[in-house]
Amino acid sequence: MEHILNLHMRAAETVLDAVGEAAGSQGMSVCRITVPRRIATSSDYRPVDAHAREVAAVLESRDIEPRFHYPRG
């Protein structure tokens, strides 16, 4: 289980590094990011929901405000 958590954390950090680099190359800073999230109503969405929560935790650790978006359907 710890291995899976490490993979989640590494994936989240990689995405956020890419966002930061893209913003920095345009002379902007990142203060908040919208994170799509599915409520885990079935086992199909549990990994997606867990990853969204991990991304939010990494964002908060970098003083970036996560905002959740709940897509329909």
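Please refer to the structure higher up on the page.
Description of the structure in this document. In this text the structure is predicted, and so the values were computed from the model without any measurement.

### A word on the overall build of the protein chain
Then comes step 1: Scanning the protein chain for helices and strands turns up two helices and two strands.
Then comes step 2: Helices (α) and strands (β) of the protein chain occur, in sequence order from the N terminus, as α-β-α-β.
Then comes step 3: With respect to the three principal axes, the spread of C-alpha positions in the protein chain is 40 × 30 × 15 Å.
Then comes step 4: For the protein chain, buried positions account for 22% of its 73 residues.
Then comes step 5: For the protein chain, restricting intrachain contacts to residue pairs at least 6 apart in sequence, the fraction spanning at least 24 positions comes to 69%.
Then comes step 6: Of the roughly 5,400 Å² that the protein chain leaves accessible, carbon and sulfur atoms contribute 53%.

### Examining the side chain of Glu54
Then comes step 1: Checked against the element boundaries, Glu54 lands in helix H2 (residues 46-61).
Then comes step 2: Among buried charged residues, Glu54 stands out as having no salt bridge; its nearest opposite-charge side chain is Arg53, 8.1 Å away.
Then comes step 3: In this view, Glu54 contacts Leu5, His8, Met9 and Ala12; residues no more than four positions away in its chain are not counted.

### Comments concerning the pattern of salt bridges
Then comes step 1: For the structure on display, the rule yields three salt bridges.
Then comes step 2: Here Arg62 ties to Asp17 by a salt bridge, and the two come within 3.0 Å at their closest N and O atoms. Of this pair, Arg62 sits in the loop between H2 and strand S2 (65-69) while Asp17 sits in helix H1 (residues 2-25), and the two are 45 residues apart along the sequence.
Then comes step 3: Among the residues examined, Arg62 registers a relative accessible area of 33% and is labelled partly exposed.
Then comes step 4: A residue is classified by how much of its surface remains accessible, and Asp17, at 37% relative accessible area, is partly exposed.

Cut-offs applied
- Residues numbered from 1 in each chain as written.
- Predicted model: local features only at pLDDT ≥ 70, side-chain atom pairs only at ≥ 80, totals over all residues.
- Heavy atoms only, no water.
- Helix = DSSP H or I, 4+ residues; strand = E, 2+ residues; numbered from the N terminus.
- Buried < 20%, exposed > 50% of the residue type's maximum accessible area, 1.4 Å probe, protein only.
- Contact = heavy atoms within 4.5 Å.
- Areas by Shrake-Rupley, 256 points an atom, 1.4 Å probe, with all protein chains shown as cover.
- Lys, Arg positive; Asp, Glu negative; His and termini not counted.
- Salt bridge = Lys/Arg side-chain N within 4 Å of Asp/Glu carboxyl O.

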